[in-house]
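Structural features, examined
As a plain string of letters, each chain reads:
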Amino acid sequence: GAGVSQSPSNKVTEKGKDVELRCDPISGHTALYWYRQSLGQGLEFLIYFQGNSAPDKSGLPSDRFSAERTGGSVSTLTIQRTQQEDSAVYLCASSLNRPRETQYFGPGTRLLVL
Amino acid sequence: RKEVEQDPGPFNVPEGATVAFNCTYSNSASQSFFWYRQDCRKEPKLLMSVYSSGNEDGRFTAQLNRASQYISLLIRDSKLSDSATYLCVAGGGGFKTIFGAGTRLFVKA
């Protein structure tokens, strides 16, 4: 079956512009996660969704970052007024029901802010 | 102190060697533990879950020590294809899943 998909795969933008990243989780997976990975670094947790609700937003770096999920499926991560330090790979993952289950990752969106 | 800490390596080992990685976690309330593998410029993929009783999958053995709050991964008979970064994961309190920064392994012919 289809895995987690993300779009775009690469995004180059200018400082100050807004960007929107999309994640399509595995069909039927109710839990969805966003992470950020800077070059040579580990994964930084950003936000977790259970259905359309986000019980844990604690990882969002600033109020320029927001995320939503609709229909218990697709999620978008929006970064407003991008800064150079936002450059990273943004990874989305989904799991069947709960955070303690295996997470399946998408290929990521590589964001470069010039 | 990071919530999940790993030796970044790199570990350089010859084919056929046995190599072990350790990982420590700070949240004593953590209930779930995993090892993920990440190849260069690829997404992480689950290698194995880590159970309290320890578990083995072929050449890979994972163990959990709750008292000392560390988990380990043992790879026997290393293959060239085992070269990757190995990420330790602890399910934190609540919903958060904490990934370590990873340990890089290079297996050489």
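Residues numbered from 1 in each chain as written. Chains lettered and ligands numbered in written order. Predicted model: local features only at pLDDT ≥ 70, side-chain atom pairs only at ≥ 80, totals over all residues. Heavy atoms only, no water.

1. Side note on the packing of aromatic side chains
This is how it is decided: Working definition: rings of Phe, Tyr and Trp (its six-membered ring) pair if their centres are within 6.5 Å, and the pair is stacked with planes under 30 degrees apart, edge-to-face with planes over 60 apart, and tilted otherwise. Helix and strand assignments come from DSSP, with helices taken as H or I runs of at least 4 residues and strands as E runs of at least 2, each series counted from the N terminus. Note on exposure labels: buried denotes an accessible area under 20% of the residue type's maximum, exposed denotes more than 50%, and partly exposed covers the range between, all computed with a 1.4 Å probe on protein chains only.
Summed over the entire model, instances satisfying the criterion amount to 12 aromatic pairs over all chains. With a centroid separation of 5.2 Å and 80° between ring planes, the pair formed by Tyr35(A) and Phe99(B) is classed as edge-to-face. Of the two residues, Tyr35(A) is situated in strand 4 (residues 31-37) and Phe99(B) in strand 10 (residues 97-99); the pairing between them involves two chains. Using a relative accessible area of 0% as the deciding quantity, one classes Tyr35(A) as buried. Classification of Phe99(B) as buried rests on a relative accessible area of 6%. Taken together, the aromatic side chains of Tyr33(A), Tyr35(A), Phe45(A), Tyr48(A), Phe105(A), Phe34(B), Tyr36(B) and Phe99(B) make up a single cluster linked through ring pairs.

2. Considerations on the side chain of Thr61(B)
Residue and element names in this part refer to chain B. Filter applied, for reference: Each polar contact in these results corresponds to two N or O atoms within 3.5 Å; when the atoms are within protein, one needs to be able to donate a hydrogen and the other to accept it, and residues that are neighboring in sequence are counted only if both atoms are side-chain atoms. Residue contacts follow a heavy-atom distance rule, with two residues in contact if any of their heavy atoms lie within 4.5 Å.
Following the sequence through the fold, Thr61 ends up in strand 7 (residues 60-65). The exposure class assigned to Thr61 is buried, which follows from its relative accessible area of 14%. For Thr61, the side chain forms a polar contact with the side chain of Arg76, separated by 2.8 Å. In contact with Thr61, not counting residues within four places along its chain, are Met48, Asn55, Glu56, Ser72, Leu73, Leu74 and Arg76.

3. A word on the pairing of strand 7 (residues 65-69) of chain A
Residue and element names in this part refer to chain A. Here is the rule: DSSP bridges decide pairing: two strands pair if at least two such bridges lie between them.
Pairing analysis gives 5 bridges linking strand 7 to strand 8 (residues 75-79), with the strands arranged antiparallel. Its bridge partner lying in strand 8, Glu68 is registered against Thr76. Hairpin remark: strand 7 followed by strand 8, antiparallel, with 5 residues in the connecting loop; positive phi at Gly71, about 60°.

4. Topic: the interface of chain B and chain A
As a reminder, the rule being used: Buried area: the accessible surface (1.4 Å probe) lost by two parts on joining, summed over both. By definition, a salt bridge exists where a carboxyl oxygen of Asp or Glu is found within 4 Å of a side-chain nitrogen of Lys or Arg.
At the interface, 17 residues of chain B touch 20 residues of chain A. Between chain B and chain A, roughly 1600 Å² of surface is buried when both sides are summed, and carbon and sulfur atoms account for 56% of that area. Remark: the boundary between chain B and chain A carries 0 salt bridges. Counting every contact that joins chain B to chain A gives 4 residue pairs in polar contact (both at pLDDT 80 or more).

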